[in-house]
Amino acid sequence: MSDIFGAPRPQPAPEPPDRRRKVLVPTLITLAALVVAASVFTNVWTNRLWFKSLDFSHVFTTVILTRTGLFVVFALVIGAFVGINLFLAYRTRAEPHLLRRDDPAARYRFALAPVRRGAFIVVAVVIGIFAGIVGQSRWQTFLQWWHGSSFGQTDPQFGRDIGFFTFDLPWWQFLASFAFTMLIVTLVATAFVQYVYGGIRFAGRGVSFTRGAQIQIAVLAGVAVLIKALQYWFDRFAYLTASGGVVDGATYTDINARIPSKNILIVVAIICALLFFSSIFLKGWTLPAIGLGGLIVASVLIGGLWPAFMQQFQVSPSEADREDPYIARNIEATREAYGVADVEVLPYSATTELSAEELNATAESRVSSRLIDPTLVSPAFQQLQQVRGYYTVNETLDVDRYVLDGEEQPRDVVIAAREVSLEGLQDSQRTWSNDHTVYTHGYGVIAAYGNERGPQGEPVWVARDIPPTGELEFEIPPRIYFGENSPEYSIVGRPEGADPIEVDIPRGSGGGGGDEDDADNVTANTYDGEGGVPVGNIFNKALYALKFAEPNIILSDRVNENSKILYDRDPRERVQKVAPWLTVDGDVYPAVVDGRVVWIADGYTTSNEYPYSQQRSLREATSDTLTQTAAQAALPTDQVNYLRNSVKAVVDAYDGTVDLYAWDEDDPVLKTWSNAFPDSVQPKSEISEDLMRHLRYPVDLFKVQRDVLTRYHVTDSQTFYEDGERWRVPEDPSSGNGTLQPPYYLTTARPEQEDPQFSLTSVYLPNNRENLAAFMSVNSESSDEENFGKLQILELPSDTRVGGPNQIAAAIQADNQVTQTLLPFEQASNATILRGNLLTLPVGGALLYVQPVYIQRSQAEGSYPVLQYIIASFGEDVGIGTTLDEALRAALGLEEGAAPPPEEEVEEPAEGDEGTEEPDAPAGDATPAELLEQASQYYDEAQQALADGDLALYQRRINQMADAIEQAEQALGN
């Protein structure tokens, strides 16, 4: 626009670009990179400190160096290979006068011109990083190949040692597959560069190559086809571990068609590669095209159609006969790989000719049945021995055995660790200081006899209270800093001369108000164990503040020069971390060994490369009621076809020390990993005598073997193929949700044994039927080296109609005597009937079923299940009593077994309450006012017992109060 004089009005100068915008993106990228780098460094360095605190630095170092080395080698080799080929493709580009501006590739050429060198480097680096990431992820495969051991056994087809398939073949297959993939990627990238710079031109309907482009493409393609020939070579061996046929492993078609076809394809691939290499000297692609076409046709006809026709027209019509030798191979290999080759199968009639008196005497002498159900008594342990709200025990307890004072034979004991639980604190107590520096540990174990009940049905204690009393002796105070319910992390340690602050032994009654309140009602402790990572310096404080996203680790005065941080405290996770090559059993259990509380875990070595062995999913094979309810940790979904309990692991509950002991010292997989991580696993001879007494046959191994034997108890290949003898694991009658019945630890005698022994047991049903097919057990007495781990199956005749667990459970519920005995509890509004594990025991040539029955007062605060009755079943006879002896006699018709009705039961003092005077019970003709007065007295005494910390007496008085009120209501109604 012009002004009035016609001169143009000056325009404002354009604003300079905002420099802040120019630097914003690079700054954000830099910050993001720094955050990622800090996170990675924090994770790596804190892991290093953690492993060092356990004296397992060599494991951390080996893993880090192996993964780093593989990353660097794969990244450099592949990145350099791609980069060199890209630059060769550019160097052999077409002459400039042959390049046309109207060429479709010109736009790519112009775009690449200013950044060509950088683009090539970026592509090579990106592909190299990808290759490094893939390579380092196979660090376990590499270590097994590098340190592989011999099995001393050969496969039935090629005569090679099993170690070749388990340790060598997976690594070579990975290298061949990865090399082929990288060659194809390089070939595509190289062809693109050649196309952009004129080495490859599309003229009319044809494609023309410069001489340099033809040579480079031919060499890359030829090498790729040679690698394919190598893959065909390895594929021949891989058929022995493949699945998908009538059984796993190489079957008739594999042996007679697929493996021969691979041999032919190897020759065709080599010829094809030579034809590609001939293009170095000959112009044109005629010969390579013929070779590649021949390879494709041969792959379809020889590698695909030939095996398909053989399977359809030669094998399927006579599959049982054709596959017979290969099924036999599969049966033998599977039984060997899962450790069930030596299982003893005995015929068992499940009937007896003994008289009732003889049978009862036999049962008494041969059965030491565990009556306390570890899945139901946790509330009783919690209420009677919790001591404070911030202590807890697991929902499902563990079964062990102990030689107690004055006894020669070990006794079944149900045991739990009393761990700290921050969830039990009041909201006012949930501060960072309390959570991580005050409530740091649990205290002691709670243990009860497995086959005894108190006068009120409560457990009979072997170990109880804080400080601990009972029959278990402790070398040091049994503080539990490492357990299955430990806090995420705790910071322990105090300056010299400072007062301890960690809640230790409760005393008196507490108000529950935090540090100061706890100081008046507990003794305090300062951790002085070897475990834990020092965080006294600012560097470590900063690392762990980042790791746990908690600034208080730096700011709090409670983190001092003597402080240590305890984390990754779950025993199972702890073992898994120091031995990443192990699969850890889902059931880790506490034990008192040599005067210390420890956690014992079973470690498995596995493989999925054992020739001819049937693959199983660990998760599916071990799934049952316990894993479905999270009472026991579920194993991973890994597919395996070889399993050994090669390691026993011990985690000290006080200082977190992890000790690994070789259990199966002949296991080649264990030998391989011991070579890779020397000094990680101690020899079996280092296991102490006391520890040996507490080791047991692992439950998950037994479940996998149980699953395998549902079909592989059959050793005749024809019978196996017909599949008419398949068994199945019964559903758990106690769960009611269709989950499988878990195996049970019991002390019982096998038919040929005189003395009962600690065993792990289960039963089988025929497929599609509910009657019993077999009883399975394994000797779990680790001190009996000769017989430990021996599997036995008592197989019932097919024409014997012995009820399975669900049929017996139904018969028990329908039994008139059981019904009449439990009727008062069924009708009571404040009582719940809980049926325990239905246990199966071989006795006197027959089978005995035993089931505990618990009663829980559902309306009383702080109530817990008490063992009220025992039910026993022999054949079609059922009996119920307050003891196993009464139930057995009732089932055998030796005496009346009906228990007295609940109102006639006499409340007796529990163990440890002998000095407490019982108040007079109201008379039978008491008035409602007298009954209510008595209820009030019971209530007052219950509150006093609660204040004194006597939870057993508290529970008894509450129950008495509820009974008195109920009687008063009935009297008023009348």
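This one's a predicted model, so the numbers in the text were calculated from it and none came from an experiment. (Residues numbered from 1 in each chain as written. Predicted model: local features only at pLDDT ≥ 70, side-chain atom pairs only at ≥ 80, totals over all residues. Heavy atoms only, no water.)

Chemist: Let's hear about the overall build of the protein: which residues, and what values?
Modeler: The number of helices and strands found in the protein is 29 helices and 36 strands. Out of the 974 residues belonging to the protein, those deemed buried represent 51%. A fraction of 70% describes how many contacts in the protein between residues 6 or more apart in sequence connect residues 24 or more apart. If you sum the accessible surface of the protein, you get close to 43,700 Å²; carbon and sulfur atoms cover 53% of it. (Helix = DSSP H or I, 4+ residues; strand = E, 2+ residues; numbered from the N terminus. Buried < 20%, exposed > 50% of the residue type's maximum accessible area, 1.4 Å probe, protein only. Contact = heavy atoms within 4.5 Å. Areas by Shrake-Rupley, 256 points an atom, 1.4 Å probe, with all protein chains shown as cover.)

Chemist: Got a sec to walk through helix H23 (residues 699-712)? Specific residues and values, please.
Modeler: The terminal C-alpha atoms of H23, which comprises 14 residues, lie 19 Å apart, in line with the 20 Å expected from a rise of 1.5 Å per residue. Burial analysis of H23 places 14 of its 14 residues in the buried class, which makes it a mostly covered element. (Expected span 1.5 Å × (residues − 1).)

Chemist: How would you sum up the sheet that holds strand S7 (residues 411-417)? Please name residues and give values.
Modeler: Spatially, 5 strands are ordered S6-S7-S10-S11-S12 in an open sheet, and the strand pairing comes out antiparallel. Two strands bound the open sheet, and with one partner strand each, they are strand S6 (398-402) and strand S12 (469-470). Summarising the sheet, strand S10 (residues 445-449) and strand S11 (residues 461-464) pair through 2 bridges and their orientation is antiparallel. From the neighbouring strand, Ala447 faces S11, where its bridge partner is Ala463. (Pairing = 2+ DSSP bridges.)

Chemist: I'd like a rundown of the nonpolar core, residues and numbers included.
Modeler: Ranked by internal contacts, the top residues of the largest apolar core, which has 152 residues, are Leu472, Tyr544, Ile565, Trp581, Leu660, Phe677 and Tyr764. Examining the composition of this core, we find that 13 residues originate from one element, helix H6 (residues 162-196), more than from any other. Those residues in contact with Phe677, other than ones at most four positions away along the chain, are Val59, Thr62, Val63, Trp139, Leu143 and Trp581. Formed by 60 residues, the second largest nonpolar core is a distinct cluster that contains Leu839, Ile855, Tyr864 and Ile871. (Core = buried A, V, L, I, M, F, W, Y, C linked by side-chain atoms within 4.5 Å.)

Chemist: Now, about the packing of aromatic side chains: what can you tell me, with residues and values included?
Modeler: Each aromatic ring pair is specified by the distance between its two centres and by the angle formed by the two planes. Under the criterion given, the structure shown has 46 aromatic pairs. Here Phe74 and Phe174 contribute two aromatic rings whose centre-to-centre distance is 6.0 Å and whose plane-to-plane angle is 35°, an arrangement assigned as tilted. With Phe74 in helix H2 (residues 57-91) and Phe174 in helix H6, the pair connects residues that are 100 residues apart, well separated along the chain. As far as the burial class goes, Phe74 and Phe174 line up, both buried. What links up through ring pairs into an aromatic cluster is the set Phe74, Phe142, Trp145, Trp146, Trp171, Trp172, Phe174 and Phe178. A cation sits over an aromatic face here: Arg236 above Trp233, 4.2 Å from the ring centre. The aromatic ring of Tyr589 is capped on one face by Arg696, whose charged end is 3.8 Å from the ring centroid. (Phe/Tyr/Trp six-rings, centres within 6.5 Å; stacked < 30°, edge-to-face > 60°. Lys NZ or Arg CZ within 6 Å of the ring centre and 35° of its normal.)

Chemist: I'd like to hear about the sheet that holds strand S17 (residues 533-534), residue by residue, with values.
Modeler: The strand order across the open sheet formed by 3 strands is S14-S18-S17, and the pairing between neighbours is antiparallel. The sheet terminates laterally at strand S14 (489-492) and S17, the two strands that pair on one side only. Both S17 and strand S18 (residues 564-567) contribute to a ladder of 2 bridges, which runs antiparallel. Within S18, the residue paired with Pro534 across the bridge is Lys564.

Chemist: Any chance you could break down the packing of helix H4 (residues 116-136) against H6 for me, citing the residues and the numbers?
Modeler: Between H4 and H6, the least distance of the axes is 12 Å, while the angle of their chain directions is 165°. Here H6 runs roughly antiparallel to H4, going by the angle between their axes. The two elements H4 and H6 cross, and the hand of that crossing is right-handed. Contact residues: Phe120, Ile127, Phe130, Ala131, Val134 and Gly135 in H4; Phe174, Phe178, Met182, Val185 and Val193 in H6. A breakdown of the residues in the contact of H4 with H6 according to their chemical character gives 10 nonpolar, 1 polar and no charged. (Axes fitted to C-alpha atoms, helices over the stretch in contact; angles between N-to-C directions. Parallel < 35°, antiparallel > 145°, perpendicular 65-115°, else oblique. Left-handed = near helix turned anticlockwise from the far one by under 90°. Nonpolar A, V, L, I, M, F, W, Y, C, P; charged D, E, K, R; others polar.)

Chemist: Tell me what's going on with a nonpolar patch on the surface, and back it up with residues and numbers.
Modeler: Residues Leu292, Ile296, Val297, Val300, Leu301, Leu305, Phe309 and Phe313 make up a contiguous nonpolar surface patch of about 760 Å² in total accessible area. When you line up the elements, Leu301 lands in helix H9 (residues 286-315). (Patch = residues over 30% accessible without salt bridge, like charges linked within 9 Å, V, L, I, M, F, W, Y side chains within 5 Å. Salt bridge = Lys/Arg side-chain N within 4 Å of Asp/Glu carboxyl O.)

Chemist: Tell me about the side chain of Gln614, and name the residues and values.
Modeler: The topology assignment puts Gln614 in the loop between strand S21 (596-607) and strand S22 (616-617). According to the relative accessible area criterion, Gln614 is buried, its value standing at 17%. In terms of polar contacts, Gln614 uses its side chain to reach the side chain of Asn330, at 3.1 Å. (Polar contact = N/O pair within 3.5 Å; in protein donor to acceptor, adjacent residues only side chain to side chain.)

Chemist: Got a sec to walk through the pattern of salt bridges? Specific residues and values, please.
Modeler: Under the criterion given, the structure shown has 24 salt bridges. Notably, a salt bridge pairs Asp568 with Lys577, separated by 2.6 Å at the nearest N-O pair. One salt bridge connects Lys703 with Asp624, and the closest N-O pair in it is separated by 3.0 Å. Here Lys703 is found in helix H23, whereas its partner Asp624 is found in the loop between helix H19 (618-622) and helix H20 (625-628), with 79 residues between them in sequence.

Chemist: So what about unusual backbone geometry? Which residues, and what values?
Modeler: With omega at -10°, the peptide bond leading from Ile466 into Pro467 counts as cis. Relative to the assigned elements, Pro467 resides in the loop between S11 and S12. Positive phi values are uncommon outside glycine, yet Val387 reaches one of about 70°. Turning to its location among the elements, Val387 is positioned in the loop between helix H13 (378-385) and strand S5 (391-392). Residue classification places Val387 among the partly exposed positions, given a relative accessible area of 27%. Residues other than glycine seldom take positive phi values, yet Asp723 does so here, at roughly 60°.

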